[in-house]
Amino acid sequence: MSFKEMDRRTLLKSAAAGIVGVGAAGLPLRAFAAAPTIGIVYVGPRDDFGWNQAHAVAAKALKSVPGVKVVEEENVPETVAVQKSMESMINLDGANLIFATSFGYFDPHMLEMAKKYPKVEFRHAAGLWTKDKHPGNAGSYYGYLNQGHYVNGVAAGVVSKTGKLGFIAAKPIPTVLLNINSFLLGARKSNPKATVQVIFTGDWSLPVREAEAANALADAGCDVITCHVDSPKVVIETAERRGLLTAGHNASQAPLAPKGFITGAEYKWETIYKDFAALIAKGEKLPNYVRGGIDKDYIANTAYGAGASEAARKAADAATADLKANKPYVVGPLKDNKGNEVVPAGKSIDNYDVALEQTSYLVEGVVGSIT
Amino acid sequence: MTDTAQGSPAPTTLPLAARSDFVDRLRSGSEYVVIPLIAVAISAVLFSMFLLVLGKDPVEFFSLLWRGGFGTAFSWQNSLLRAAPLILTALCVALPARAGLVIIGGEGALVLGGLFAAMIALPLKNALPPVVLMPLMAIMAMAAGGFWIGLVGIMRHARGVNETIASLLMSYIAIAIMNFLVEGPLRDPASANKPSTGPIGEGNMVTAIPGTDVHWGLAAGIILAVILWIVIDRTTYGFALRVTGGNARAAKAQGLPVGTLMVSCCAIAGACAGLAGYFEVAAIHGKANASLIAGYGFTGILVAFLARHNPIVIVPVAILFGGIAAAGGLIQRRMGLPDASVLLFQSLIFVVLLISETLYGRLRIFQPRTEAERT
Amino acid sequence: MSENAALLTVLFAMIGGAIRVSTPFIFVSLGECLTEKSGRINLGLEGTLVFGAMAAYAISFLSGSPWLGVFVAGCCGALLGAVHGWVCKLPRVNDVAIGIALMTFGLGLAFFFGKPYIQPAAPRLPSIPLADWTGNASLATALKVNPLFFVGIALAVFLSWAFRNTRTGLILRTTGDSAAAARAMGVSVDRVRLLATTAGGFLAGVGGSFLSLYYPGSWSEGLSSGQGLMAVALVIFARWDPMRCLFASMMFGAAGAIGPALQSIGITQGYYFFNAAPYVVTLFIMIASSSTKGALASAPGELAVTR
């Protein structure tokens, strides 16, 4: 096999160069003009029943494109390790398109690599790629999961008896804050007095604390629970055991809560990846900035569970229809929960406005603070 | 851990003719090379069997391991880069271990070191030139790390608080402090989905060692390892430290300042880990954020124990770790094995390496020859 | 919510937390206590805990019997413990180092074989409703208790009694305090330590099964996040006394409930520090209760940490 011969050759070469020689010059890159090699980096295990799995499942769409080779690496921390993993994919596997699927990969790691390897294309899930500011061979794609959480909220507002909803969140970053706000705005659409109680666990995967948080919210009188953590399984199961209603996140959790599941916000990464795969098959360049919500089927809500009443389904369907028609839902007058105005009366924030992705506040009605 | 922590004194050689003395030294010296190699080979055989059961090709596994870790110039740099922080965090364990203290909280010192390096840079980055600010950042990082583990030493000396558990607890507390500051008061609004402090500034970044991709943290780690080896093995301070480690009560009876020794060696250890944090911030991230909590502190414990707390040995052990981590990605990609398989292989090597220590001084071939053999 | 009601919520949450969260800590710390009493340290119980959690979940899922899962988890733990115990009897092999290496090994095994069991739901262990009769909903949930919790308490009482009052306890303690004295009694030091480490591993494995089969009741790679390591550390905190291990574990569980509970009643500022409460509380108690004199007087004499 030529692979092994190459191995021996590079080995000799590196022995001669010692450790000082630079790798970029040392390795023959296989040329993939028509059939690209795609490298995908995951921050956690690929089968975590959460964020990473959602990507890994969708990535299968890429593997089905003829001639495309996909190489994957899991459990890559957001340190120099991810830079080296990308570089290793480029140098040793000949990757010419990289998907980085964790928030912390973007700056500085992916941007560094994009500068270093201008011929390789880099795309990041959720990063805020900005023209002129970031390299042209980098980019980002993201689905507006907040729209799914808004629909969750609309349904939850109808079914909640106490009007107190619980939200278990990992970290106070813009995407999470936006989901919390959207959940509240949805709930308030159905029940203007609804409140959302937030508990931050402090990290993406802390099963015991997530379970404790679900119990604490139940004890505090919340009757609907949702979350934004990497793997929502524990939260949904714990809430179901406490007899509460639940709304999902990331992927379908419907089977975990046969009694209390209302609906859930689901990523449809496969829509994006399939679009990408089609472009790749045609040999076209991928766009740098890809965004979409329910309107583009980047996001969808899980089929209603037993927790969704007839009225809730109707309200949620109406909200989904509005979002499909791109009707904004962040409408003024709106204050944050410290009393500062964020959207003046008569104004609204468009669903595609980047301002949403930069959310740094919790809106009025959310009980919780960012630090 | 008295006996193994002391490093391994070479078997006493008999005062004989120089030539045969050399042969004897060669025999006993080669013990420290041959036995680990045998251990690695045994673990490779064991893991091959495991792979065969899974229906995977062991030859492919090991050729990828070699290729991804050390087989190319790129792989070497990859491994060295990953080894750099581990050398420093392992030193954080090794030095106190020589004084009989088991410190497992290097992670916290690293995190605080990185945080303080960024904190000092933020207000001063426009006021001071890099040539002043960069050392200042490193000093701040070392001071923060040194203070944190030094506190553990003080608690141990003044209150008899067990240093192992105290350092672990302090590590969790340090992480909480970092998270709070980075997501709260120190948060840069532009850092969006990865809450971070503001950037320390391009000009204040540590560069790569010329001709490589590896930052100067590696060189700093190796230099510190050599210095600490000299300190431990060749100075009165090191001697006093080892006496304390051997028997604190006896050391006290001999009039050694046990308290000062304990606290100072904890502080030096913490400074090493803090420096690792500095390089993470100044050479990699350019700002402080939760990426500092990458487990380097905990991996460093394993490195230190495998190196039997000998600073010089820490360097190759850390590189071995870096190499396995670097190769892990390639193995995942090419063989479709989960990341856990590399973890499994890595731990198998450790277990067998540690078990192989029992062979030292027991194999005839490495022993000084007896009179009968010489004639 | 009124002040009193809020306070009551936190209090109930802490009681509930002590009961829900403490069990794995109890099992691991008792197991480690047993091991350390014999003069060995097994730092690898984090790996045992996680491997036990995975094994229990897998067996429960495959066989449909959670209790079989608990038993198998214990056996897996015992196996890892036995490896530790057997290896450490070889001369020059360091027990602390082997423990750390075996921790990685246990984690590697669990992660490798646990992949297929992350998504499916396995049958869980049942709970005993102790306070349903009160009619107070939050008290009723706080006091839904898993039988393993009571087993843990009984075990602590039993060990505490057995260390002092049985011949086996005496042999164990003698082995831990002075190997020479134990040999003089005609005891095989290595065998005692092997058995103690194996038993300790068994308990840690059972502790793991509680995590995956009861609370939080699901297998994932982040399930433990250091609980095993902390439990081992708690043994030093508890000064090698099984009853103190029990209390330390419950205190740790209660303190862990503070963070989420405070946020749930609207005290939301500084949650990182509330979430770190277990560590802060433990540290302060240690500082307050330690003293330079006889700091480690209760430590087994043969333990490496004290030398």
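Engineer: Got a minute to help me understand the sheet that holds strand β5 (residues 140–143) of chain A in this structure?
Structural biologist: Sheet strands pair via backbone hydrogen bonds, and the direction of the pair is either parallel or antiparallel. Residues and elements named next belong to chain A. In space, the 6 strands of this open sheet follow the order β2-β1-β3-β4-β5-β11, with parallel pairing throughout. At either end of the open sheet lies a strand with only one pairing partner, and these are β2 (69–73) and β11 (289–292). Across the sheet, the axes of successive neighbouring strands diverge by a mean angle of 15°, strand direction being ignored. In terms of strand pairing, strand β4 (residues 121–125) meets β5 through 2 bridges, oriented parallel. Bridge pairing links Ala-125 to Tyr-141 in β5.

Engineer: Would you mind showing me how to read the packing of aromatic side chains here?
Structural biologist: The geometry of an aromatic ring pair is captured by the separation of the ring centres together with the interplanar angle, meaning the angle of the planes. Using the criterion set out here, one finds 40 aromatic pairs over all chains in the structure. Aromatic pair Trp-66 of chain B and Phe-70 of chain B: ring centres 6.1 Å apart, planes at 45°, arrangement tilted. Taken together, the residues span about one helical turn, with Trp-66 of chain B and Phe-70 of chain B both in helix α3 (residues 58–71) at a distance of 4 residues. Using a relative accessible area of 43% as the deciding quantity, one classes Trp-66 of chain B as partly exposed. Residue Phe-70 of chain B is classed as buried on the basis of its relative accessible area of 16%. Pairing Tyr-278 of chain B with Phe-279 of chain B gives two aromatic rings, centres 5.1 Å apart and planes at 65°, and the pair type is edge-to-face. The same class applies to Tyr-278 of chain B and to Phe-279 of chain B, which are both buried. Members of the aromatic cluster, joined through ring pairs, are Trp-51, Phe-99, Phe-103, Tyr-141, Tyr-142, Trp-204, Tyr-267, Trp-269, Tyr-273 and Phe-276 of chain A. Sitting over the ring of Tyr-360 of chain B, Arg-308 of chain B keeps its end group 5.0 Å from the ring centre.

Engineer: So what exactly am I meant to see when it comes to the interface of chain C and chain B here?
Structural biologist: Accessible area lost on assembly of the parts is the figure often given for the size of an interface. On the side of chain B, 50 residues touch chain C, which itself brings 49 residues to the contact. Summed over both partners, the interface of chain C with chain B buries about 4400 Å², with 76% contributed by carbon and sulfur atoms. In this assembly, chain C and chain B are joined by 0 salt bridges. The interface formed by chain C and chain B includes 5 residue pairs in polar contact (both at pLDDT 80 or more). Top element by residues in the side of chain C that touches chain B is helix α4 (residues 95–114) of chain C. It accounts for 14 residues. Within the side of chain C that touches chain B, the residues separate by chemical class into 36 nonpolar, 10 polar and 3 charged.

Engineer: Would you mind going over the nonpolar core with me for this structure?
Structural biologist: Grouped together as the largest cluster of nonpolar side chains are 223 residues, with contacts concentrated most on Phe-61, Leu-91, Met-137 and Tyr-278 of chain B together with Trp-219 and Met-230 of chain C. Looking at which element gives the most residues to this core, the answer is helix α11 (residues 258–285) of chain B, with 16 residues. Discounting chain neighbours no more than four positions away, the residues touching Met-230 of chain C are Leu-168, Leu-169 and Tyr-172 of chain B together with Phe-25, Phe-252 and Tyr-279 of chain C. Counting residues in each nonpolar core, the second largest holds 93 residues, with Leu-184, Val-224, Ala-277 and Ala-308 of chain A among its members.

Engineer: How do you make sense of the confidence of the model for chain B when you look at a structure like this?
Structural biologist: Note that predicted coordinates carrying low pLDDT should not be read in detail. Taken residue by residue, chain B gives an average pLDDT of 89. The fraction at 70 or more is 92%. Across residues 1–14 of chain B the pLDDT falls below 50, and counting only partners more than four positions away or on other chains, this stretch makes 31 contacts in the model.

Engineer: Honestly, the interface of chain C and chain A in this entry has me stumped. Any pointers?
Structural biologist: Residue-level contacts link 39 residues of chain C with 39 residues of chain A. For the chain C and chain A pair, buried surface summed over both sides reaches about 3000 Å², with 51% attributable to carbon and sulfur atoms. Across the contact surface, chain C and chain A share 3 salt bridges. Notably, a salt bridge pairs Lys-115 of chain C with Asp-47 of chain A, separated by 3.7 Å at the nearest N-O pair. Joining chain C to chain A, the criterion identifies 19 residue pairs in polar contact (both at pLDDT 80 or more). Listing elements by their share of the side of chain C that touches chain A, those giving two or more residues are α1 (3–37), α5 (137–142), α11 (242–264) and α12 (271–275) of chain C. Here the side of chain C that touches chain A gets 5 residues from one element, more than from any other, and that element is α11 of chain C. Classifying every residue of the side of chain C that touches chain A gives 17 nonpolar, 18 polar and 4 charged.

Engineer: Whenever I open this one, α11 of chain C confuses me. Can you help?
Structural biologist: Structural remark: α-helix, 3.6 residues per turn; residues separated by three or four positions point the same way. Residue and element names in this part refer to chain C. Here α11 is 23 residues long and its end C-alpha atoms lie 34 Å apart, about the 33 Å a rise of 1.5 Å per residue gives. At Ile-258, α11 shows its maximal bend, which comes to roughly 30°, and the proline Pro-260 appears one to four places after that position. With 17 of 23 residues buried, α11 lies mostly within the body of the structure. Its side-chain oxygen 2.9 Å from the backbone nitrogen of Met-243, Asp-241 forms the N-cap of α11.

Engineer: Would you explain the pairing of strand β10 (residues 261–267) of chain A in this entry?
Structural biologist: Residues in a regular strand point their side chains to alternate faces of the sheet. All names here are of chain A. Within β10, 7 of the 7 residues are buried, which leaves it mostly tucked inside the rest of the structure. As defined by bridge partners, strand β9 (residues 245–250) adjoins β10 across 4 bridges and the pair is classed as parallel. Each residue of the ladder has a partner; that of Gly-248, found in β10, is Gly-264. In terms of strand pairing, β10 meets strand β12 (residues 299–301) through 3 bridges, oriented antiparallel. When the sheet's bridge partners are listed, Ala-265 is paired in β12 with Asn-301.

Engineer: Whenever I open this one, the sheet that holds strand β17 (residues 366–367) of chain A confuses me. Can you help?
Structural biologist: Read across the sheet, 7 strands follow the order β12-β10-β9-β8-β6-β7-β17 (chain A) without closing on themselves; strand pairing throughout is mixed. The open sheet has two free edges, formed respectively by β12 and β17 of chain A, since each of these has just one partner strand.

Engineer: Help me understand the environment of Phe-183 of chain A, please; the structure alone is not making it clear to me.
Structural biologist: All names here are of chain A. Relative to the assigned elements, Phe-183 resides in helix α7 (residues 174–190). Relative accessible area serves as the criterion here: at 0%, Phe-183 is assigned to the buried category. Note: C-alpha distance between Phe-183 and Thr-226 (43 residues apart in sequence) is 9.0 Å. When near neighbours in sequence (up to four residues on either side) are disregarded, Phe-183 contacts His-149, Tyr-150, Asn-152, Gly-153, Ala-156, Leu-165, Gly-166, Phe-167, Val-196, Val-224 and Thr-226.

Engineer: Just checking my understanding: could you explain the environment of Glu-121 of chain A for this structure?
Structural biologist: All names here are of chain A. Counting through the fold element by element, Glu-121 comes out in strand β4. Sequence separation between Glu-121 and Asp-275 is 154 residues, and the spatial gap between their C-alpha atoms is 16 Å. Discounting residues that sit within four places of it in the chain, Glu-121 has contacts with Asn-96, Leu-97, Ile-98, Asn-137 and Lys-285. A polar contact of 2.8 Å, which involves the side chain of Glu-121, links it to the side chain of Arg-123.

Engineer: Is there a simple way to explain the pattern of salt bridges in this structure?
Structural biologist: When charged atoms on two side chains of opposite charge get close, those side chains can pair. Counting across every chain of the model gives 27 salt bridges over all chains. Salt-bridge contacts for Lys-194 of chain B lead to Glu-78 of chain A; the nearest nitrogen and oxygen are separated by 2.2 Å. Taken together, the residues span two chains, with Lys-194 of chain B in the loop between α7 (163–183) and α8 (217–234) and Glu-78 of chain A in the loop between β2 and α4 (80–93). The salt bridge partner of Lys-84 of chain A is Asp-213 of chain B, with a shortest N-O separation of 3.2 Å. With Lys-84 of chain A in helix α4 and Asp-213 of chain B in the loop between α7 and α8, this residue pair bridges two chains. Owing to a relative accessible area of 26%, Asp-213 of chain B belongs among the partly exposed residues under this scheme. The network of salt bridges with shared partners includes Arg-46, Asp-47, Lys-63, Glu-72 and Glu-74 of chain A together with Lys-115 and Glu-221 of chain C.

Engineer: Before we go on, may I ask you to explain the packing of helix α4 (residues 73–98) of chain B against α8 of chain B in this structure?
Structural biologist: Between two packed helices, both the angle of their axes relative to each other and the distance between the axes serve to describe the pair. All names here are of chain B. Contact geometry for α4 and α8: axes closest at 8 Å, N-to-C directions at 20°. Taken together, α4 and α8 sit at an angle that is classed as roughly parallel. The hand of the α4/α8 crossing is left-handed. Residues Leu-80, Ala-84, Ile-87, Leu-88, Leu-91, Leu-95 and Arg-98 of α4 pack against Gly-217, Leu-218, Gly-221, Ile-222, Leu-224, Ala-225, Leu-228, Ile-232 and Asp-233 of α8. Across the contact of α4 with α8, the residue classes tally to 12 nonpolar, 2 polar and 2 charged.

Thresholds, definitions, all that
- Residues numbered from 1 in each chain as written.
- Chains lettered and ligands numbered in written order.
- Predicted model: local features only at pLDDT ≥ 70, side-chain atom pairs only at ≥ 80, totals over all residues.
- Heavy atoms only, no water.
- Pairing = 2+ DSSP bridges.
- Helix = DSSP H or I, 4+ residues; strand = E, 2+ residues; numbered from the N terminus.
- Axes fitted to C-alpha atoms, helices over the stretch in contact; angles between N-to-C directions.
- Phe/Tyr/Trp six-rings, centres within 6.5 Å; stacked < 30°, edge-to-face > 60°.
- Buried < 20%, exposed > 50% of the residue type's maximum accessible area, 1.4 Å probe, protein only.
- Lys NZ or Arg CZ within 6 Å of the ring centre and 35° of its normal.
- Contact = heavy atoms within 4.5 Å.
- Buried area = accessible area lost by both parts, 1.4 Å probe.
- Salt bridge = Lys/Arg side-chain N within 4 Å of Asp/Glu carboxyl O.
- Polar contact = N/O pair within 3.5 Å; in protein donor to acceptor, adjacent residues only side chain to side chain.
- Nonpolar A, V, L, I, M, F, W, Y, C, P; charged D, E, K, R; others polar.
- Core = buried A, V, L, I, M, F, W, Y, C linked by side-chain atoms within 4.5 Å.
- pLDDT = per-residue confidence, 0-100.
- Expected span 1.5 Å × (residues − 1).
- Bend = angle between axes of the 7 residues up to and from the residue.
- Parallel < 35°, antiparallel > 145°, perpendicular 65-115°, else oblique.
- Left-handed = near helix turned anticlockwise from the far one by under 90°.

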